[in-house]
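Residues per chain, in single letters:
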Amino acid sequence: MSDLEWIYGIHAVENALNQQPERIKEVRFQEGRDDKKTQRLMQLCKANKVRHSVVARRDLDQLFTSNKDRVVHQGVVAYTTMNKAGNEADLHTLVAGLDETPLIIILDGVTDPHNLGACLRSADAAGAHAVVMPKDNSAPLNATVSKVACGAAESIPVYAVTNLARTMKKLQDQGVWIFGTAGEATQTIYEQDLTIPTAIVMGAEGDGMRRLTREQCDYLVKLPMAGVVSSLNVSVATGVCLYEVVRQRAVKAKG
């Protein structure tokens, strides 16, 4: 399977051109579009010596006929080498080399690429150091993820590991405390000290964490639910949890 894929959307293509232009083989623009954003992207292509062309809209549409989702390409696509997820050894090397308090998100079985992209976006915005997921039963890093993540898929380190419980145990050996999110937990995330080295585990859509994952957690926490719904979308919950970490660490930094 080729590592090359068409990514789409103004933000995804712009971030790829800004961050890793050497990975882009070609950019195609929709004929008839001459707005400021399109002009800016064309200038980036010229500045980075990236091959680009102007084609009819139907030619862009046809690139995604096999995609089950309705693709809104916004008149620009790029043929690029997709980022590859690192492995368990890469993750532990990253953690060992951090000179600040670790913040890691662990996604246990998030299979929807839209949710994965949104989680990556929140993780990047909150300053998380890594996103970890199992190799199997997880959404792949693809064009949909890149579009939803708005550049985060190219910037935040992602690690796909063979054995998630074993990886969690190694993180604990490195001094990281693991907080699993579960609706039946007795304490909320707001009652925990998240200024310590922290990894937060978010369970799969609907099913939550697997049993072995849950058993490896140091603490189980929940988000308070005041309405009729029993849970939040995993990407929304990820953002809420991450920014509680941000809030606590900012308060601590102020003394």
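Just so we're clear, the structure is a prediction, and the values are computed from it rather than from any experiment.

1. Remarks on the domain arrangement of the protein
So, step 1. We note that the domain assignment places domain 1 (4-81) and domain 2 (88-253) within the protein.
So, step 2. Each of domain 1 and domain 2 has a C-alpha centre, and these two points are 31 Å apart.
So, step 3. Contact with domain 1, which involves 14 residues of that partner, is made by ten residues of domain 2.
So, step 4. For the pair domain 1 and domain 2, the two sides together bury roughly 940 Å², of which 56% comes from carbon and sulfur.

2. A few points about the sheet that holds strand 2 (residues 24-30)
So, step 1. Here we have four strands laid out as an open sheet, ordered 1-4-2-3, and mixed in their pairing. Of all the strands in the sheet, just strand 1 (4-8) and strand 3 (52-55) have a single pairing partner and so form its edges. Averaged over all pairs of adjacent strands, the angle between strand axes in this sheet comes to 20°, irrespective of strand direction.
So, step 2. Here strand 1 pairs with strand 4 (residues 76-81) via five bridges, running antiparallel. Across the sheet, the residue bridging to Tyr8 is Val77, located in strand 4.
So, step 3. In this fold helix 1 (residues 10-19) packs onto strand 1, strand 2 and strand 4, with an angle of close to 125° to the strand it touches most, strand 1.
So, step 4. Along the sheet face, helix 2 (residues 36-47) touches strand 2, strand 3 and strand 4 and points at about 155° away from the line of strand 2.

3. Looking at the sheet that holds strand 9 (residues 187-188)
So, step 1. Reading across the sheet, the seven strands line up as 7-6-5-10-8-11-9 and stay open at both edges, with parallel pairing between neighbours. Looking at the sheet topology across the chains shown, the edges are occupied by strand 7 (158-161) and strand 9.
So, step 2. With three bridges connecting them, strand 5 (residues 103-108) and strand 6 (residues 130-134) associate as parallel partners. Residue pairing in the sheet places Ile106 in a bridge with Val132 of strand 6.
So, step 3. In the packing of helix 4 (residues 88-97) onto the sheet, contacts are made with strand 5, strand 6 and strand 7, and the angle to strand 7 comes to roughly 135°.
So, step 4. This element, helix 8 (residues 164-173), spans strand 5, strand 6, strand 7, strand 8 (177-181) and strand 10 (198-203) of the sheet and lies at about 165° to strand 5.

4. Here we look at the packing of aromatic side chains
So, step 1. All chains considered together, the criterion is met by four aromatic pairs.
So, step 2. Relative to Tyr219, the ring of Phe179 lies with its centre 5.5 Å away and its plane at 15°, an arrangement referred to as stacked. Here Phe179, found in strand 8, pairs with Tyr219, found in strand 11 (residues 219-222); they are 40 residues apart in sequence, far enough to count as distant.
So, step 3. On the basis of relative accessibility, which here comes to 1%, the residue Phe179 falls in the buried class.
So, step 4. An aromatic cluster is present here, built from Trp177, Phe179 and Tyr219 joined pairwise through their rings.

5. Describing the pattern of salt bridges
So, step 1. Enumeration according to the criterion identifies eleven salt bridges in this entry.
So, step 2. Linking Glu26 and Arg28 is a salt bridge whose minimum nitrogen-to-oxygen distance equals 2.8 Å.
So, step 3. The salt bridge partner of Arg210 is Asp108, with a shortest N-O separation of 2.8 Å. Of this pair, Arg210 sits in the loop between strand 10 and helix 9 (211-216) while Asp108 sits in strand 5, and the two are 102 residues apart along the sequence.
So, step 4. Judged by its relative accessible area of 1%, Asp108 is buried.
So, step 5. Through salt bridges with shared partners, one network takes in Glu26, Arg28 and Arg51.

6. Examining the environment of Gln216
So, step 1. Counting through the fold element by element, Gln216 comes out in helix 9.
So, step 2. A C-alpha to C-alpha distance of 9.5 Å links Gln216 and Phe179, two positions 37 residues apart in sequence.
So, step 3. When sequence neighbours within four positions are dropped, the list of residues in contact with Gln216 reads Ala165, Met168, Lys169 and Gln172.

7. A few points about the packing of helix 5 (residues 113-125) against helix 10 (residues 234-254)
So, step 1. One way to put it is that helix 5 packs onto helix 10 with a least axis distance of 8 Å and a crossing angle of 10°. Taken together, helix 5 and helix 10 sit at an angle that is classed as roughly parallel. The segment helix 5 lies against helix 10, with Asn115, Ala118, Cys119, Ser122, Ala123 and Ala125 engaging Val234, Ser235, Thr238, Gly239, Leu242 and Tyr243.
So, step 2. Its residues assigned to classes, the contact of helix 5 with helix 10 shows seven nonpolar, five polar and no charged.

8. Brief notes about the nonpolar core
So, step 1. Counting 32 residues, the largest nonpolar core has Leu107, Leu116 and Leu120 as the members making the most contacts within it.
So, step 2. Listing elements by their share of this core, those giving two or more residues are strand 5, helix 5, strand 6, helix 6 (143-149), helix 7 (152-155), strand 10 and helix 10.
So, step 3. In terms of residue count, the dominant contributor to this core is helix 10 (five residues).
So, step 4. Residues in contact with Leu120, not counting those within four places in the same chain, are Val131, Leu141, Val145, Ala149, Ala152, Ala153, Ile156 and Val158.

The rules behind these values
Residues numbered from 1 in each chain as written. Predicted model: local features only at pLDDT ≥ 70, side-chain atom pairs only at ≥ 80, totals over all residues. Heavy atoms only, no water. Domains from an automatic or database assignment. Contact = heavy atoms within 4.5 Å. Buried area = accessible area lost by both parts, 1.4 Å probe. Pairing = 2+ DSSP bridges. Helix = DSSP H or I, 4+ residues; strand = E, 2+ residues; numbered from the N terminus. Axes fitted to C-alpha atoms, helices over the stretch in contact; angles between N-to-C directions. Phe/Tyr/Trp six-rings, centres within 6.5 Å; stacked < 30°, edge-to-face > 60°. Buried < 20%, exposed > 50% of the residue type's maximum accessible area, 1.4 Å probe, protein only. Salt bridge = Lys/Arg side-chain N within 4 Å of Asp/Glu carboxyl O. Parallel < 35°, antiparallel > 145°, perpendicular 65-115°, else oblique. Nonpolar A, V, L, I, M, F, W, Y, C, P; charged D, E, K, R; others polar. Core = buried A, V, L, I, M, F, W, Y, C linked by side-chain atoms within 4.5 Å.

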